[in-house]
Amino acid sequence: MYKHDLVYLTEDASHDAAIEHINEEAFGPGRFTRAAARIREQGPHDLSLSFICADDGETIASVRMTPVMAGTVKGHLLGPLAVRPSHKNIGIGRELVRIAVEAARRKGSEAVILVGDPPYYGPLGFEKVTYNALTFPGPVDPGRVLVVPIAENVHERLKGTIAWRACS
Ligand SMILES: CC(C)(COP(=O)(O)OP(=O)(O)OC[C@H]1O[C@@H](n2cnc3c(N)ncnc32)[C@H](O)[C@@H]1OP(=O)(O)O)[C@@H](O)C(=O)NCCC(=O)NCCS
């Protein structure tokens, strides 16, 4: 059986081409039109909270985190998260999410927010944001807006717009 030799690393510029390929393969050209992508277009992601997984030196999965202001919450938007088809269903996606959320917590982020499937992210600590409480720069399914609250009263404060913010 093929044995994996997996390492999880903080993203740097040398991973750019591989991550672009992974995201193209996972989401196709439509990925740039998504509401979350529009936030990511507003400014750079935070490399210190973004991670890749490499197998025997080849980058095969990626998660990125972008600093956002969501209502009055200084948090991070998680995504894109993608794993190459050859490496799905062996826990890599879950581990990348776990590492990213933990890193955000250590950095003092108030919340990790994403647009994604509740059955996947629920067991990883994500809760539904109050229906339509957050306004994205484009249409989103309000039932898929999720958060890991880190600071106090996050759910109450997640009201209004979500947009990129400069890292502090
Ligand atoms: C979604 C994705 C990141 C999961 O990564 P992964 O490393 O394959 O997932 P893991 O090994 O951590 O978890 C696998 C489990 O999650 C489940 N799962 C995968 N995608 C799911 C989804 N969208 N909804 C619910 N469950 C899902 C699998 O069925 C599997 O369940 P099991 O453990 O009961 O067998 C990966 O499939 C992928 O890159 N998909 C395409 C891009 C994408 O959809 N990204 C997420 C955007 S929200």
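Everything numeric in this text was worked out from a predicted model, so none of it was measured. (Residues numbered from 1 in each chain as written. Predicted model: local features only at pLDDT ≥ 70, side-chain atom pairs only at ≥ 80, totals over all residues.)

Enquirer: Just give me the short version of the site of the ligand, but keep the residues and values in it.
Expert: Lining the immediate surroundings of the ligand are 15 residues, of which Lys88, Gly93, Arg94, Gly116 and Tyr120 lie closest. Mapped onto the shell around the ligand, the elements with two or more residues apiece are β4 (73-83), α3 (92-107) and α4 (118-121). By residue class, the composition of the shell around the ligand is eight nonpolar, four polar and three charged. (Near = placed C-beta within 6 Å. Helix = DSSP H or I, 4+ residues; strand = E, 2+ residues; numbered from the N terminus. Nonpolar A, V, L, I, M, F, W, Y, C, P; charged D, E, K, R; others polar.)

Enquirer: Report on the pairing of strand β3 (residues 58-70), specifying residues and quantitative values.
Expert: Of all the 13 residues making up β3, eleven are buried; the element is thus mostly covered by neighbouring parts of the structure. Bridging between strand β2 (residues 51-55) and β3 involves five bridges; their strand directions are antiparallel. In the sheet register, Asp55 faces β3, and the bridge partner there is Glu58. Here β2 folds back onto β3 in antiparallel fashion, the turn holding two residues, of which Asp56 has a positive phi close to 55°. As defined by bridge partners, β3 adjoins β4 across nine bridges and the pair is classed as antiparallel. Bridged to Met65 within β4 is Leu78. (Buried ≥ 20, exposed ≤ 12 C-beta atoms within 10 Å, placed from the backbone. Pairing = 2+ DSSP bridges.)

Enquirer: Got a sec to walk through unusual backbone geometry? Specific residues and values, please.
Expert: In this chain, Gly79 is followed by Pro80 through a cis amide linkage whose omega measures -5°. With respect to the helices and strands, Pro80 occurs in strand β4. Not every positive phi belongs to a glycine, and Asp56 is a case in point at roughly 55°. Along the polypeptide, Asp56 turns up in the loop between β2 and β3. Residue Asp56 is classed as exposed on the basis of its C-beta count, with 10 C-beta atoms lying within 10 Å. Despite not being glycine, Asn153 shows a phi value in the positive range, around 55°. Structurally, Asn153 is set in the loop between β8 (145-149) and α5 (154-157). Note on Asn153: 11 C-beta atoms within 10 Å, which makes it exposed.

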